[in-house]
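Chains, contacts and geometry: an overview
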Amino acid sequence: MSAGHHRFVSTDRRVREDRRFVVGKGRYVADIDLPNTKHVALLTCPYPAARIKCIDKNAALAMPGVRYVLDGAELAAATLPLMTGLDTPNVPRRPLALDIARYSGEWVAAVVADTRAQAEDAAEAIDVTYEPLPFVLDAEQALASGPLVHEAHGSNVLLDKTLVWGKVDKDFAASPRKLSLRVKWGRSSTVPIETFGVVASWDPWREILDVYASIQMPRYADQISAALKIPSKSVRVHYDVDVGGSYGVKRGIKHTVLCGFLARRLDFPIRLIEDRLENMRGGDAHGPERLFDVEVAFDDAGIVRSMKMRALENLGAYAGRSPFQLGKPIGSIVGPYKIKSVEYRAIAVVTNKTTQDAVRGFGQGPTNFALERVMDEVANVLGLDPLEVRRRNLIRHEEFPYLIPSGTTYDSGDYHTVIDKVLANMNYEALKQERDRLRTEGKLAGIGIAACLEPSGGNATFEALLNPAITTSTFMDSCRINVDGMGAITATMHTTSSGQGHETLVGTVIGEVLELDPDSIRVTRTDSLNSLPSGTPVGSRMAIMLGGAAFHAALKLKAKLTAIGAHDLGIAPERVVYDQGSVFDCNAPQNKRTWADLVQIAHRNIHRMPKGFEPGLAVSHVYEVPTGGTLPTPDGRVQMYPCFSFEFHLILLSIDPDLGTPQIVRYRLGHDCGTQINPKIVRGMTMGGIAHGIGAALHEEFAYNDEGQLIAQTFMDYLLPSSHEVPAVDIIDHETPSPHTVLGQKGSGESGYLGAPAALANAVNDALRPLGVSINTLPLKVSKLGDLIAAARAKGK
Amino acid sequence: MRIKLTVNGAAHELDIEPRTTLLDALRDHLNLKGAHAGCEHGVCGACTVLVDGVAVRSCLMFAPQAEDAAITTIEGVTPGPGELSPIQDAFCETHGMQCGYCTPAMILTAHALLAANPEPTREQIVEAISGNICRCTGYAQIVEAIALAAERMRGVNRPSEEVRK
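Position labels on residues start from 1 in each chain and follow its written sequence. All chains are assigned letters beginning at A, and all ligands numbers beginning at 1, according to the order in which they are written. Predicted model: local features are reported for residues with pLDDT of at least 70 only, side-chain atom pairs are reported and counted for 80 or more only, and whole-chain, interface and lining totals are derived from all residues.

Digging into the overall build of chain A
Threshold: Secondary structure elements are taken from DSSP: a helix is a run of H or I of four residues or more, a strand is a run of E of two residues or more, and numbering for both begins at the N terminus. What the globule rule says is 2.2 Å times the number of residues to the power 0.38, and the radius of gyration is computed from C-alpha atoms. Three exposure classes are used, all based on how many other C-beta atoms lie within 10 Å of a residue's own C-beta (placed from the backbone): buried at 20 or more, exposed at 12 or fewer, and partly exposed between those limits. Here contacts are defined at the residue level, using C-beta atoms placed from the backbone and a cut-off of 7 Å between them.
Counting its secondary structure elements, chain A contains 20 helices and 28 strands. Relative to the globule expectation of 28 Å for 797 residues, the C-alpha radius of gyration of chain A, 28 Å, shows essentially globular dimensions. Dimensions of chain A, computed from the C-alpha atoms along their principal axes, are close to 90 × 75 × 50 Å. Taking all 797 residues of chain A together, 58% fall into the buried category. A separation of at least 24 residues holds for 80% of the contacts in chain A among residues at least 6 apart in sequence.

As structure tokens, this is what we get:
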């Protein structure tokens, strides 16, 4: 990575947040100790669906330390249902079940006690009488008939929308070849090592609810305010809480509303830190579980002209924002390919499983997986090399900006060059020879390829596309800079972070613009009552959006410093040169004003300031997402997300034919996210994304048994990749700057994850091909692979 | 019950329930917040501390079981206010973390490894940290941090080639 013309951007700088983390001084929600805090434990429903007939709290209330037992009826009477994305008023979502519990693990009652242990003990003593009800777990069954999860809604379908872009029927009719494939993305999630937690404290005299939470969520304070029916000026979310990983799912709004209610009701600070079981079962943090039926029309050369995609999402019991995860992939529905027309049918059904929330990529990972599996199968039926088929279909560098059928224009890219760079590093023919050698040694071996996009910037107009009642076209982020009377610079950001290095981002960008050492710039976080607007770190957007806000705020500061200097030097502003905090006359460089001079004028010598200038050196900038600002057309076209990063995965994988154990032999990644502001951060995100993708592809699954019980309830059952499962990966960087962003940067928060499952699935299928079998359901667990291989061999393959 | 714990060289007397885990005792009674709860069933390793120099999951040990041991937490390996140990500094150099939640435990595991094996191979580092789950990094920059720390620590107090001549 070359720094090019930058001083600090793209250079190999440390990440400032790391210093507090390596000494154990991160400040996570579980580290917040407010005096007199009481603790919450939860009683959950043991049935996948059940009517709550009676809740007997007496035994629990008599136990030591117990302060209160709250049930769904009391909470529902005092609060409003949680905000949802779709207009489904008969599918209300509440923190505690009201009358009917709809999944095993759903919260039924909350105990408040002096210690967490006392609260847990008392939760076991609550006596609930249930009437078990019929339930449905499978999305197709829920769609076809199935018992109704929410009877008042009249159906299990929350969303069924078909969008057609281009002449799909004509293109299908004109194409000599068609192929259809059914693939399934399994139910997994991001599962951060820190569970979700929240501490809420109510001050009735100031009328402020203080909230400390491990949160990563847009409009969090708004949603607390709405559900608790208190003004938003009475909700103060503290953004200086370190979040121990999120990758999308840290959205504990139901936890927060519960604790906020209890804090007001009981006049104690209330704390709820999920244990791992609560996190995995009732934390409402599962990810997509999506069945795809994809049909493509193509020619003998493997050029794909048109695609029909049906995506059926198993939402779990309640909606929240999760149906929108079917919407985001529309912004790059054709991936990096020149597919001319698309029909997309998005169906979301409720079932009696745990509720979903946003997961890294917001639905993009599953869609990329489906598309990339299909591209491999196109190559397969034509007897062509899968890499060659991709090369033929990829958008070429000179074709950017490139408008895709669903209305988004891709900003920039150089996909063929990225692939060439990867292959320069690892010869493709040699790789195929290595695969074939492994095969002759008795192993099953396969090569897996994936070429994927990472939409970045977070212009979430899919909301308006899937729910026309939503007219949101604004997706902003902000930065404020203040130079104090001593000349020190403090920048503020207005959201939490969960490991993305945003303080480093802000410091680096402001330092770049002001030509000052980023380490000399303090970066702080506000709270929701002191903050400018932030869209929060979602949609792989902060390098673009917070970076953009910081860049423009710094430009404003620089302009003010230049104007003050020009005025004090008595020359036209055009003659002033800004240089590392000082300004001088370009015609007479000895005539200068230093940083200290400019601070003195701004803070203490208003008689030397240009007329009409505000005293001091405070600036702020609210930055709107580039290319945003439009709502969908009536025929369902819209610009989503400004920037599109590219990743090309190339994997050699072997499978032990007796055990079914897959082993990644080689892993190369070509990655282009435009200008990398901090290469250490980008590399970490990408490697972490690959590890997460390995988990989703091979190991992780929230599996249910036929009785509707989640059977992956611990880390012994839900398998996160350890250092043994993640191979060394060669990452080959390429840099195609985005024309839309201040430094040419694009997003990288989802990189790796968006392509690794597709590449691994393709590698596994290439390995299995000699046996005449294929597998298209994630995760590709050892047990499944072993059974599949054994069955194929039994047939004499 | 009353127990005595020796943590980071200092003796403490605690009045605790017998069922208190070592993790909860360190966090809630001694205010040592660097040990983190991740799974509380002994898989993720985020609660790792050193017990007599050995990396141990503090969520799986009751505090009374640790009475006769010397316990070291991340606070105990930090040299002083504002200072970093060579391992901590190496983690900063390679950015061997993101959210920081698993980091103190990962660093203590690295301490235990390097105390026993000053010159570990990549495979030995991978093996040593395989009981510490990191969800952010994919481990590459953690492995590099430990290798870098090992290299630097081997160089400590060793005269350079120049001096030895």
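What about the overall build of chain B?
Looking only at helices and strands, chain B features seven helices and five strands. Seen in sequence order, chain B has helices and strands lined up from the N terminus as β-β-α-β-β-β-α-α-α-α-α-α. For chain B, the C-alpha radius of gyration of 17 Å lies close to 15 Å, the compact-globule estimate for 165 residues. Principal-axis analysis of the C-alpha atoms places the extent of chain B at approximately 60 × 35 × 25 Å. The burial tally for chain B puts 52% of its 165 residues in the buried class. Within chain B, counting contacts between residues at least 6 apart in sequence, those at least 24 apart form 60% of the total.

Topic: the sheet that holds strand E19 (residues 476–483) of chain A
Residue and element names in this part refer to chain A. Quick reminder of the rule: Pairing between two strands requires that DSSP report at least two bridges joining them. Inter-axis angles, ranging from 0 to 180 degrees, are taken between N-to-C directions of lines fitted to C-alpha atoms, where helices are fitted over the stretch in contact.
Spatially, the four strands line up as an open sheet ordered E21-E20-E19-E25, and their pairing is mixed. Bordering the open sheet on either side are strand E21 (521–525) and strand E25 (617–624), each of which pairs with just one other strand. Between one strand axis and the next, the sheet turns by 20 degrees as a mean value, whatever way the strands run. Packed on one face of the sheet, helix H15 (residues 502–514) meets E19, strand E20 (489–493) and E21 and runs near 140 degrees to E21.

Here's the deal with the sheet that holds strand E26 (residues 643–655) of chain A
The strands that make up a sheet pair up through hydrogen bonds in the backbone, lying either parallel or antiparallel. Residue and element names in this part refer to chain A. Spatial strand order, E18-E26-E27-E28: four strands in an open sheet with mixed pairing. Both edges of this open sheet fall to strand E18 (444–456) and strand E28 (730–734), since each of them pairs with a single strand only. Direction aside, the axes of adjacent strands within the sheet are offset by 15 degrees on average. In this sheet, E26 lies alongside E18 in antiparallel orientation, the contact comprising 13 bridges. Along E26, the bridge assignment pairs Ile449 with Leu650.

Some thoughts on the nonpolar core
All names here are of chain A. Quick reminder of the rule: A set of buried residues drawn from Ala, Val, Leu, Ile, Met, Phe, Trp, Tyr and Cys, joined through C-beta atoms within 7 Å, is what defines a nonpolar core.
In terms of nonpolar packing, the biggest core is built from 289 residues, with Val40, Val111, Ala550 and Leu760 touching the most fellow members. Sort the elements by how many residues they give to this core and helix H16 (residues 542–569) lands first, with 13 residues. Contacts of Leu760, omitting those with residues within four sequence positions, involve Gly448, Ile651, Leu653, Ile694, Ala697 and Leu698.

Concerning the interface of chain A and chain B
Interface size, as often reported, equals the accessible area lost upon joining of the parts. How we decide: For this classification, the nonpolar set comprises Ala, Val, Leu, Ile, Met, Phe, Trp, Tyr, Cys and Pro, the charged set comprises Asp, Glu, Lys and Arg, and every other residue, Gly included, is treated as polar.
At the junction of the two partners, chain A supplies 41 residues and chain B supplies 40 residues. Mapped by element, the contributors of at least two residues to the side of chain A that touches chain B are helix H1 (18–22) and helix H18 (679–699) of chain A. Looking at the side of chain A that touches chain B, its residues break down into 20 nonpolar, 12 polar and nine charged.

Describing helix H12 (residues 415–425) of chain A
The periodicity of an α-helix, 3.6 residues per turn, causes residues three or four positions apart to be oriented the same way. All names here are of chain A. Note the threshold: As used here, the arc belongs to the directions running from the helix axis to the C-beta atoms.
For H12, the complete set of buried residues consists of Tyr415, Val418, Ile419 and Val422. Looking down the long axis of H12, one finds its buried residues gathered within 95 degrees of arc, a one-sided arrangement. The elements touched by buried residues of H12 are helix H11 (386–393), E18, E26, strand E27 (662–672) and E28.

A look at the confidence of the model for chain B
The test is simple: Confidence of the predictor at the level of single residues is given by pLDDT, which spans 0 to 100.
Averaged over every residue, the pLDDT of chain B is 95; the share at 70 or more is 94%. Across the interfaces of the predicted complex, the ipTM metric reaches 0.97, alongside a pTM of 0.97.

Looking at the pairing of strand E12 (residues 270–273) of chain A
Every regular strand shows the same layout, with side chains that alternate between the two sheet faces. Residue and element names in this part refer to chain A. Judged by which residues are buried, E12 turns out to be covered on both faces: Ile270 and Leu272 on one side and Arg271 and Ile273 on the other are all buried. As paired elements, strand E1 (residues 38–44) and E12 share two bridges and run parallel to each other. Following the sheet pairing, His39 is matched in E12 by Arg271. Looking at chain direction, strand E9 (residues 197–203) and E12 are connected through four bridges and run antiparallel. Its bridge partner lying in E12, Ala200 is registered against Ile270.

Some words on the pairing of strand E15 (residues 341–349) of chain A
Residue and element names in this part refer to chain A. Counting buried residues in E15 gives seven out of nine residues, a clear majority hidden from the surface. One ladder, built from eight bridges, connects strand E7 (residues 157–165) with E15; its direction is antiparallel. Within E15, the position partnered with Leu163 by the bridge is Tyr344. Here strand E14 (residues 304–314) pairs with E15 via nine bridges, running parallel. Pairing of Ser306 across the sheet is with Ser341, part of E15.

Quick look at the environment of B:Gly138
One can find B:Gly138 in the loop between helix H5 (122–128) and helix H6 (140–155). Linking B:Gly138 and B:Met97, residues 41 residues apart in sequence, is a C-alpha distance of 9.4 Å. In contact with B:Gly138, other than residues within four places in its own chain, are A:Met687, A:Gly688, A:Ile690, A:Ala691 and A:Val726.

Focus on helix H4 (residues 103–116) of chain B
In plain terms, the rule: An expected span of 1.5 Å times one less than the residue number is assigned to each helix.
Between the first and last C-alpha of H4(B) there are 20 Å, a value that for 14 residues agrees with the 20 Å anticipated at 1.5 Å per step. Within H4(B) the residues assigned to the buried category are B:Thr103, B:Pro104, B:Ala105, B:Met106, B:Ile107, B:Leu108, B:Thr109, B:Ala110, B:His111, B:Leu113 and B:Leu114.

Focus: the packing of H4(B) against H6(B)
Residues and elements named next belong to chain B. Short version of the rule: Throughout, the term roughly parallel applies to angles under 35 degrees, roughly antiparallel to angles over 145, roughly perpendicular to angles from 65 to 115, and oblique to all others. Crossings are sorted by hand: turned counterclockwise from the far helix by less than a right angle, the near helix makes the crossing left-handed, and turned clockwise it makes it right-handed.
Viewed as axis vectors pointing N to C, H4 and H6 meet at an angle of 40 degrees, and their least axial separation amounts to 11 Å. Taken as axis vectors, H4 and H6 run oblique relative to one another. Our pair here, H4 against H6, has a crossing hand that is right-handed. Counted together, Met106, Ala110, Leu113 and Leu114 of H4 and Ile142, Ile146, Ala149, Ala150 and Met153 of H6 form the full contact between these two elements. Taken together, the residues that form the contact of H4 with H6 break down as nine nonpolar, no polar and no charged.

Here's the deal with unusual backbone geometry
Peptide bonds are trans in most cases, and residues, glycine excluded, mostly fall at negative phi. Residue A:Pro401 is bonded to the preceding A:Phe400 through a cis peptide linkage, with omega at -5 degrees. Note that A:Pro401 resides in the loop between H11 and strand E16 (402–403). Of note, the amide linkage connecting A:Leu778 to A:Pro779 takes the cis form, showing an omega dihedral of -5 degrees. In this fold, A:Pro779 is placed in the loop between helix H19 (756–768) and helix H20 (782–794). Its identity as a non-glycine residue notwithstanding, A:Phe362 has a phi of 50 degrees, on the positive side. Within the element layout of this structure, A:Phe362 appears in the loop between E15 and helix H10 (364–382). In this model, B:Tyr139 sits at a positive phi of 75 degrees, which is unusual for a non-glycine residue. Its place among the elements puts B:Tyr139 in the loop between H5 and H6.

Section: the packing of H18(A) against H19(A)
All names here are of chain A. Relative orientation of the contacting elements H18 and H19 amounts to 50 degrees, with a least axis distance of 8 Å. As summarised for this structure, H18 and H19 are arranged oblique, according to the angle between their axes. Here H18 runs over H19; the crossing is right-handed. Within the contact between the two elements, H18 uses Ile690, Gly693, Ile694, Ala696, Ala697 and Leu698 and H19 uses Ala756, Pro757, Leu760 and Ala761.

A look at the environment of A:Ala139
Residue and element names in this part refer to chain A. Relative to the assigned elements, Ala139 resides in helix H5 (residues 139–144). Take Ala139: there are 24 C-beta atoms within 10 Å of it, and that puts it in the buried class. Counting along the chain gives 177 residues from Ala139 to Gly316, while the straight-line C-alpha distance between them is 9.1 Å.

Points about the environment of A:Asn587
All names here are of chain A. You can see Asn587 is positioned in the loop between strand E23 (582–585) and strand E24 (588–593). Given 9 C-beta atoms within 10 Å, Asn587 falls into the exposed group. Distance in space between the C-alpha atoms of Asn587 and Val577 is 9.7 Å, their sequence separation being 10 residues.

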